[in-house]
Number of protein chains: 2
Amino acid sequence: MTFSEENYLKTIYHLTSVSDADISTNAIAEKMETKASSVTDMLKKLSEKDLVNYVKYQGVSLTDKGKLAAKMIVRKHRLWECFLVEKLDFSWDEVHDIAEQLEHIKSEKLINKLDDFLGNPTEDPHGDPIPDANGRIIKVEKQLLSEFEKNQIGICVGVKDTSSDFLKYLDKQEIALGSQIEIIEKESFDSSFRIRVGTKEITISNKIASNLYIK
Amino acid sequence: MTFSEENYLKTIYHLTSVSDADISTNAIAEKMETKASSVTDMLKKLSEKDLVNYVKYQGVSLTDKGKLAAKMIVRKHRLWECFLVEKLDFSWDEVHDIAEQLEHIKSEKLINKLDDFLGNPTEDPHGDPIPDANGRIIKVEKQLLSEFEKNQIGICVGVKDTSSDFLKYLDKQEIALGSQIEIIEKESFDSSFRIRVGTKEITISNKIASNLYIK
DNA sequence: AATTTATTTTAGACTTGGCTAAAAATATAT
DNA sequence: ATATATTTTTAGCCAAGTCTAAAATAAATT
């Protein structure tokens, strides 16, 4: 499988996890910052290889084979992210681009040994689940901070947006995975939140609250 | 720089280290298992980028820029090999192909952090030197076992051939980096050697002796 | 239901890196 | 010095993956 094929599969996998319905050519093109015509070409190829179910003009979905392949790529991506953060001391906002390259390294033995070396983690540095060698995923109950009510208390277990900008903002506010967060007040006017993180009290916008997973 | 360009640079670098003279198109083609015509095309491109000095029909050599680039690829390759052997517990005959992929990962920060994580090693698992971040290499005095005489004693510090077959043979004979080797007898007829490795006495062919570095 | 708008596909072109076959240059041998 | 052999380059073709522009289909609107 080529780099390009792997990137398409991964994109379709991620889009599927939010929408469920068949994925449109345009949605893929937008996510991958490429042109719809390029996507069409690739969908034909992936369909040939039985990695996707593709019907002209009707969108696309992953076959079982395609889904497993996509999960293996996600597995590699997230394990490498763990390695970068835990062993090489990268911060969580620096690892995405490097893992984007490392996820294409081909060696099952490598990834399984890496998994063991890291102590078989079930989540990456952003709180996203890591599929095991068979593609199984342990789902953690979690909800967005924005859905919480006044006086509720929870632990930060993940981020929805993993952009460097957002992660750096969280660092600045000293919000990390494992941080205890208490809703002090929910402002009805703009849906912003007054929260306590550890000992500090801060105000965060609804956009921030909509990208933090809490348990 | 593309994968292909990096592979050509690396090949020219390795060929240079044995011959000194300009490298022929054919020599590159043979080493890379490709055709001379493909090599010519690539040499033109590398020359455009000032990575090689190339004169039609006259062979090729690396520019300073090209040599540094090649050393950085070798650095990455050898550091990843160290990682695979020391941290992930691969054996020395398994790491080459994986490092061949990892050497193309682009991130200076990654490789320097990996270097630190490994304790800034100066040699890879085959005894080959690892260039530092500036391309500097610590050369170790060493000679081939085949050049040794009767009754000489030395320590195995490297292998010339790094093929899996050869490395597995060495494993079988319990010869590893650091092994003490004593020449018991040199057979003049076929230039084979009777040697002592640790407590064991074995006979090795001249071909084997010509691929073991001793200090 | 017809027409406009948006999406998707096709057709044809380009780039990278490879190939084969033939031509050109260089090296070797008579 | 010339003929032969080897090496290297050129010329033209192919596949992957991308693009633009035009055509086809689906969706939305009147």
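By the naming in an unreviewed UniProt entry, chain A is Transcriptional regulator MntR, taken from Flavobacterium petrolei. Recorded under Sequence similarities (unreviewed entry), the UniProt text for chain A is reproduced unchanged: "Belongs to the DtxR/MntR family."

K.L.:
Go over the sheet that holds strand β6 (residues 193-197) of chain B, please, and point to the residues and values.
P.N.:
Residue and element names in this part refer to chain B. Read from one edge to the other, the open sheet built from 6 strands follows the order β3-β8-β4-β5-β6-β7, with strand pairing classed as antiparallel. Across the chains shown, the open sheet's two edge strands, defined by having one partner strand only, are β3 (143-144) and β7 (200-204). By the bridge criterion, 5 bridges tie strand β5 (residues 180-186) to β6 in an arrangement that is antiparallel. By the bridge assignment for β6, Lys186 is matched with Phe193. Helix-sheet contacts for helix α7 (residues 164-172) involve β4 (153-159), β7 and β8 (212-214), and the interaxial angle to β4 is about 145°.

K.L.:
A description of the protein's contact with DNA strand D should follow, citing residues and the corresponding values.
P.N.:
Surrounding DNA strand D, one finds 21 residues, the nearest of these being Thr34, Ser38 and Lys45 of chain A together with Tyr54 and Lys56 of chain B. A breakdown of the atoms of DNA strand D within 4 Å of the protein gives sugar and phosphate a share of 76%. A distance of 2.9 Å separates a phosphate oxygen of DNA strand D from a polar side-chain atom of Thr25 of chain B. At the level of secondary structure, the elements contributing two or more residues to the surface near DNA strand D comprise α1 (3-19) and α3 (36-48) of chain A together with α2 (25-32) and α3 (36-48) of chain B. When grouped by side-chain class, the residues that make up the surface near DNA strand D number 5 nonpolar, 11 polar and 5 charged.

Conventions we followed
- Residues numbered from 1 in each chain as written.
- Chains lettered and ligands numbered in written order.
- Predicted model: local features only at pLDDT ≥ 70, side-chain atom pairs only at ≥ 80, totals over all residues.
- Heavy atoms only, no water.
- UniProt positions renumbered as here; feature names shortened; annotations may be inferred.
- Pairing = 2+ DSSP bridges.
- Helix = DSSP H or I, 4+ residues; strand = E, 2+ residues; numbered from the N terminus.
- Contact = heavy atoms within 4.5 Å.
- Axes fitted to C-alpha atoms, helices over the stretch in contact; angles between N-to-C directions.
- Near = heavy atom within 4 Å.
- Polar contact = N/O pair within 3.5 Å; in protein donor to acceptor, adjacent residues only side chain to side chain.
- Nonpolar A, V, L, I, M, F, W, Y, C, P; charged D, E, K, R; others polar.

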